[in-house]
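# Structural description and commentary
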Amino acid sequence: MKYRIFLIFCSVGLVPIALSYGAKPSASLDAFFGITVDTVNLAHIMRAVMGLYIGMVVLWLWGAFSKPMEGPALVACAVFMIGLAAGRILSFIIDGLPHWLLIVYAALEIVLGFIAVILYKEKVSNKTPHVGS
């Protein structure tokens, strides 16, 4: 049950972020971060990012409601979150600190990524037969 709750929590949290990046990037990115989306290319990239995020949500929800997909969904969540956090940390080092909300995203990605790793390890160890059992 805790795997399901975690995957649903991550899914629900990612949807508004995905939509803020790609549903109407010229409005949302300007409102949140002062980013002007004034080219088709940038709008296209942001909508592709939204599609990637929504794809992750679908996979995580699949894992939340299908026992065989639970493990793969936790791995995907860990890789997604830790990968995003690594990119943000690299940006902090190279570019400096961004808008406070992006720092919050990085912190959440680190925490949720490592929780996904811990849950996956627990899930795998619970499946392993113990000697002498």
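Quick caveat, the model's predicted, so the values are computed rather than measured. (Residues numbered from 1 in each chain as written. Predicted model: local features only at pLDDT ≥ 70, side-chain atom pairs only at ≥ 80, totals over all residues. Heavy atoms only, no water.)

### Description of the side chain of Lys123
Rule in force here: Labels follow the DSSP assignment, with helices taken as runs of H or I lasting at least four residues and strands as runs of E lasting at least two, numbered in each case from the N terminus. Residue contacts follow a heavy-atom distance rule, with two residues in contact if any of their heavy atoms lie within 4.5 Å.
Of note, Lys123 is situated in helix H5 (residues 100–127). Residue contacts for Lys123: discarding those within four places in its chain leaves Tyr3, Lys67, Glu70, Gly71 and Leu74.

### A short note on the packing of aromatic side chains
Just so we agree on the cut-off: When two rings of Phe, Tyr or Trp (its six-membered ring) have centres within 6.5 Å they constitute a pair, described as stacked for plane angles under 30 degrees, edge-to-face for angles over 60, and tilted for the intermediate range. For the exposure calls, accessible area comes from a 1.4 Å probe over protein chains only, and a residue counts as buried if that area is under 20% of its type's maximum, exposed if over 50%, partly exposed in between.
Summed over the entire model, instances satisfying the criterion amount to four aromatic pairs. Relative to Phe80, the ring of Trp60 has its centre 5.5 Å away and its plane inclined at 75°; by these criteria the two rings are edge-to-face. Here Phe80 lies in helix H4 (residues 67–95) and Trp60 lies in helix H3 (residues 40–65), a separation of 20 residues in the sequence. Grouping residues by exposure puts Trp60 and Phe80 together as buried. By the ring-pair criterion, three or more aromatic residues cluster together here, those being Tyr21, Tyr53, Trp60 and Phe80.

### Considerations on the pattern of salt bridges
The test is simple: Think of a salt bridge as a Lys or Arg side-chain nitrogen and an Asp or Glu carboxyl oxygen that are within 4 Å of each other.
Enumeration according to the criterion identifies four salt bridges in this entry. Close ionic contact of Lys67 with Glu70 constitutes a salt bridge, the shortest N to O distance being 3.6 Å. Taken together, the residues Lys67 and Glu70, both in helix H4 and three residues apart, mark about one turn of the helix. Under the relative-accessibility criterion, Lys67 is labelled exposed at 57%. Judged by its relative accessible area of 4%, Glu70 is buried. The structure contains a network of salt bridges with shared partners spanning Lys67, Glu70 and Lys123.

### Quick notes on the nonpolar core
Put simply, the rule reads: Residues belong to a common nonpolar core when they are buried Ala, Val, Leu, Ile, Met, Phe, Trp, Tyr or Cys residues joined through side-chain atoms within 4.5 Å.
Membership of the largest hydrophobic core comes to 34 residues, with the highest contact counts inside it found for Phe6, Leu7, Tyr21, Trp60 and Cys77. Listing elements by their share of this core, those giving two or more residues are helix H1 (2–22), helix H2 (25–33), H3, H4 and H5. Top element by residues in this core is H3. It accounts for nine residues. Setting aside residues no more than four positions away along its own chain, Cys77 makes contact with Phe6, Leu7, Cys10, Trp60 and Ala116.

### Here we look at the packing of H1 against H4
Test applied: Orientation is described by axes fitted as lines to C-alpha atoms, over the contacting stretch for helices, and by angles from 0 to 180 degrees between their N-to-C directions. Just so you know how the angles are binned, under 35 degrees is roughly parallel, over 145 roughly antiparallel, 65 to 115 roughly perpendicular, and the rest oblique. Left-handed is the label given to a crossing in which the near helix is rotated counterclockwise from the far helix by less than a right angle, and right-handed is the label when the rotation is clockwise. In this classification, Asp, Glu, Lys and Arg are treated as charged, Ala, Val, Leu, Ile, Met, Phe, Trp, Tyr, Cys and Pro as nonpolar, and every other residue, Gly included, as polar.
As a packed pair, H1 and H4 sit with axes 11 Å apart at the nearest point and diverge in direction by 45°. Between H1 and H4, the angle falls in the class oblique. As H1 packs across H4, the resulting crossing turns out to be left-handed. The residues of H4 that touch H1, namely those facing Tyr3, Arg4, Phe6, Leu7, Cys10, Leu14 and Tyr21, are Glu70, Ala73, Leu74, Cys77, Phe80, Met81 and Arg88. The residue inventory of the contact of H1 with H4, partitioned by class, reads 11 nonpolar, no polar and three charged.

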